[in-house]
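Chains, contacts and geometry: an overview
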Amino acid sequence: MSDAYSPVGALVLFSGGQDSTVCLSWALDRYEWVETVGFDYGQRHVVEMAARERVRAQFLERFPHWAPRLGPDHRLDLQGFGAIGQSALTEDQAIEMTERGLPSTFVPGRNLVFFVYAAALAERRGLRRLVGGMCETDYSGYPDCRRDTLDAMQQALNLGMERDFVIETPLMALTKAQTWGLAKALGGEPLVELVLEDTHTCYRGERAERRAWGYGCGTCPACVLRASGYESWNAGARPALGLAP
Ligand code: ZN
């Protein structure tokens, strides 16, 4: 990869969770060069960071047609931001709904911060597309997951960096059940298996027990979304669902 500005290169915000793993497959399926970035902001689910390396290694091993496209991983330290967040993800608080109607796992502005860092990195790496797994259908109500927020973010980044970044959110309009279907459409049952076995979603970082939908406590908001999405997809005979072009 030269340091020229590449229209076919993408940077995927990759946490090692279900959604960002499906986004990584989506990007590998359509772009010639894909790099990943992860953020360490002191989150309680450090186990998610371990999942990142495991998932990347599985892509290299099990999807040889994608392997040549998978570029380096970048890991950025955002501990200072995590200290401001003071939410249930980074402090020892209960995971519950707050009086604002948002889960206590909400770190204010988290995705906005992620995109600023991702764009700065993409600028250095010559990558134009920023891919994130945000979704505003089956979600926890975080306002920085919504597409109108990210449209404004994209405009701010392009004005502030004089670039032409495109923020892509392939899961934005999908239900969690449809996200499983997209995984199947992109990589068949081997990708579904990889998502079940190797990704991590649980806010509590639990991996003791393997359930039908993967690992996790089964009761935190992330597990509840993952489990109900899997169950409704599985109940519908596991259809492969593509995206409109
Ligand atoms: Zn959980």
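Some thoughts on the coordination of the zinc ion
Bound to the zinc ion on the protein side are Cys202 (SG), Cys217 (SG), Cys220 (SG) and Cys223 (SG), at distances that span 2.3 to 2.4 Å. Its 4 donor atoms give the zinc ion angles of 106 to 116 degrees at the centre, a pattern that matches the tetrahedral case. Site description for the zinc ion: donor spacing in sequence, C-x14-C-x2-C-x2-C. With Cys202 in the loop between α6 (176–198) and β6 (210–211) and Cys223 in helix α7 (residues 221–235), this pair connects stretches of sequence that are 21 residues apart. Cys223 matches Cys202 in its accessibility class, with the two residues each being buried.

Focus on the side chain of Arg110
Among the structural elements, Arg110 can be located in helix α4 (residues 110–125). No salt bridge is formed by the buried Arg110; the nearest opposite charge belongs to Asp144, separated by 5.5 Å. There is a polar contact of 2.7 Å between the side chain of Arg110 and the side chain of Tyr41.

Some words on the packing of helix α2 (residues 47–62) against α6
Axis separation between α2 and α6 bottoms out at 10 Å; the angle between their running directions is 160 degrees. As summarised for this structure, α2 and α6 are arranged roughly antiparallel, according to the angle between their axes. When you trace α2 past α6, the crossing you get is right-handed. Counted together, Ala51, Arg54, Val55, Gln58, Phe59 and Arg62 of α2 and Pro190, Leu191, Glu193, Leu194 and Asp198 of α6 form the full contact between these two elements. A breakdown of the residues in the contact of α2 with α6 according to their chemical character gives 6 nonpolar, 1 polar and 4 charged.

Concerning the pairing of strand β2 (residues 33–40)
Counting buried positions over the 8 residues of β2 gives 6, a clear majority of the element. Pairing of β2 with strand β3 (residues 70–77) involves 6 bridges; the strand directions are parallel. Each residue of the ladder has a partner; that of Phe39, found in β3, is Leu76.

Focus: the side chain of Asp198
Position of Asp198 relative to the elements: it lies in helix α6. Contacts of Asp198, omitting those with residues within four sequence positions, involve Ala51, Arg54, Val55, Gln58, Arg62 and Arg207.

Structural notes on the environment of Tyr41
Looking at the secondary structure, you find Tyr41 in the loop between β2 and α2. For the pair Tyr41 and Leu78, spaced 37 residues apart in sequence, the C-alpha to C-alpha distance is 4.4 Å.

Thoughts on the pattern of salt bridges
Across all of its chains, the model carries 13 salt bridges by this definition. Two residues, Asp40 and Arg75, come together in a salt bridge whose shortest N-O distance is 4.0 Å. Taken together, the residues span a long stretch of sequence, with Asp40 in strand β2 and Arg75 in strand β3 at a distance of 35 residues. We classify Arg75 as partly exposed; its relative accessible area is 45%. A salt bridge links Glu123 to Arg163, with the nearest nitrogen and oxygen atoms 2.7 Å apart.

Cut-offs applied
Throughout this description, residue numbers start from 1 for each chain and increase along the sequence as written. Local features in this predicted model are restricted to residues of pLDDT 70 or higher, and side-chain atom pairs are both shown and tallied only at a pLDDT of 80 or more, whereas totals for entire chains, interfaces and linings draw on every residue. Heavy atoms from the whole structure form the basis of all side-chain values; hydrogens and water molecules are not counted. Each metal site lists N, O and S donors within 2.8 Å (3.2 Å for Na, K and Ca). With water left out of the atoms, a site can look as if it is missing ligands. A four-donor site is called tetrahedral if each angle lies between 85 and 135 degrees; a four-donor site is square planar, and a six-donor site octahedral, when trans pairs exceed 155 degrees and the remaining angles lie between 65 and 115; all other cases are labelled irregular. Comment: elements are numbered from the N terminus, with helices defined as DSSP H or I runs of at least four residues and strands as E runs of at least two. The cut-offs for exposure are 20% and 50% of the maximum accessible area for each residue type, with area from a 1.4 Å probe on protein chains only; residues under the lower value are buried, those over the upper are exposed, and the others partly exposed. For the purpose of counting charges, residues Lys and Arg are taken to be positive, whereas Asp and Glu are taken to be negative. His and the chain ends are not included. Whenever a carboxyl oxygen of Asp or Glu lies within 4 Å of a side-chain nitrogen of Lys or Arg, that contact is scored as a salt bridge. Any pair of nitrogen or oxygen atoms within 3.5 Å is treated as a polar contact; in protein, a donor-acceptor pairing is required on top of that, and neighbouring residues in sequence qualify only through side-chain atoms on both sides. Lines fitted to C-alpha atoms define the axes, with helix axes restricted to the stretch in contact, and inter-axis angles between N-to-C directions lie between 0 and 180 degrees. Under this scheme an angle from 65 to 115 degrees is roughly perpendicular, one under 35 degrees roughly parallel, and one over 145 degrees roughly antiparallel; angles in between are oblique. Crossings are sorted by hand: turned counterclockwise from the far helix by less than a right angle, the near helix makes the crossing left-handed, and turned clockwise it makes it right-handed. Whether two residues are in contact is decided by their heavy atoms: any pair within 4.5 Å suffices. By the convention adopted, Pro, Cys, Tyr, Trp, Phe, Met, Ile, Leu, Val and Ala count as nonpolar, Lys, Arg, Asp and Glu as charged, and the other residues, Gly among them, as polar. Any two strands between which DSSP finds at least two bridges are classified as paired.

Remember that the coordinates give geometry; whether it matters functionally is a separate question.
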